[in-house]
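The chain contents come next:
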Amino acid sequence: MEGLLELLDAAWDDESGFLGKLRSGQFDLDAGEAYVALLSQIPQPGEMVDSRLVKLIWFAPMFIEWQMERAARGADEARQLTRISTQVHETVAGILGTP
């Protein structure tokens, strides 16, 4: 799990991470696809969840939506980022569950 947490943390890196790049207004489709694939590797948590895991993933769907206008250059990128955003949201909801 530690290696997975490190990769999730790296996604927030300003220079190389998918979410960090979005913060700077840069949409990287390949990094977005890789982030969705990374999220898909997270096993279903048991009763107790590592708080670091929750910290690294729960905010990502909202964050991506907030960066949409800033990071997507043109209609095609907006469509691709919307698809990534939807996949991230669905994957995180599948991991953490919904009330």
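Note that this is a predicted model, so its numbers are computed, not measured.

**Thoughts on the overall build of the protein**
Step number 1: Scanning the protein from N- to C-terminus turns up six helices and zero strands.
Step number 2: Listed N to C, the secondary structure of the protein is α-α-α-α-α-α in terms of helices and strands.
Step number 3: With the principal axes as the frame, the protein shows a C-alpha extent of 45 × 30 × 20 Å.
Step number 4: Here the protein, with 99 residues, has 39% of them falling under the buried criterion.

**Some words on the pattern of salt bridges**
Step number 1: Applying the stated rule across the entire model yields four salt bridges.
Step number 2: Note that Asp-28 and Lys-21 form a salt bridge whose closest N and O atoms lie 2.8 Å from each other.
Step number 3: Under the relative-accessibility criterion, Asp-28 is labelled partly exposed at 23%.
Step number 4: Between Asp-76 and Arg-79 there is a salt bridge; the shortest N-O distance is 2.6 Å. Taken as a pair, Asp-76 and Arg-79 lie in helix 6 (residues 75–96) at a separation of three residues, close to a single helical turn.
Step number 5: Owing to a relative accessible area of 51%, Arg-79 belongs among the exposed residues under this scheme.

**Let's talk about the packing of aromatic side chains**
Step number 1: With the rule as written, the count across this model stands at seven aromatic pairs.
Step number 2: With 5.3 Å between their ring centres and 70° between their planes, Phe-59 and Trp-66 make a pair best called edge-to-face.
Step number 3: The exposure class of Phe-59 is partly exposed, given its relative accessible area of 24%.
Step number 4: Clustering of aromatic rings is evident, with ring pairs tying together Trp-12, Trp-58, Phe-59, Phe-63 and Trp-66.

**Here we look at helix 1 (residues 2–10)**
Step number 1: Those residues of helix 1 that fall on the buried side of the exposure criterion are Leu-4, Leu-5 and Leu-8. The arc that holds the buried residues of helix 1, viewed along the axis, is 100°, so those residues lie on one side.
Step number 2: Summarising the contacts, the buried residues of helix 1 are in contact with helix 3 (29–40) and helix 4 (51–57).

**Thoughts on the confidence of the model for the protein**
Step number 1: Confidence in the prediction for the protein averages 89 pLDDT; 97% of positions are at 70 or higher.
Step number 2: Ranking the elements of the protein by mean pLDDT puts helix 4 last, at 85, and helix 3 first, at 94.

What counts and what doesn't
- Residues numbered from 1 in each chain as written.
- Predicted model: local features only at pLDDT ≥ 70, side-chain atom pairs only at ≥ 80, totals over all residues.
- Heavy atoms only, no water.
- Helix = DSSP H or I, 4+ residues; strand = E, 2+ residues; numbered from the N terminus.
- Buried < 20%, exposed > 50% of the residue type's maximum accessible area, 1.4 Å probe, protein only.
- Salt bridge = Lys/Arg side-chain N within 4 Å of Asp/Glu carboxyl O.
- Phe/Tyr/Trp six-rings, centres within 6.5 Å; stacked < 30°, edge-to-face > 60°.
- Arc of directions from axis to C-beta.
- Contact = heavy atoms within 4.5 Å.
- pLDDT = per-residue confidence, 0-100.

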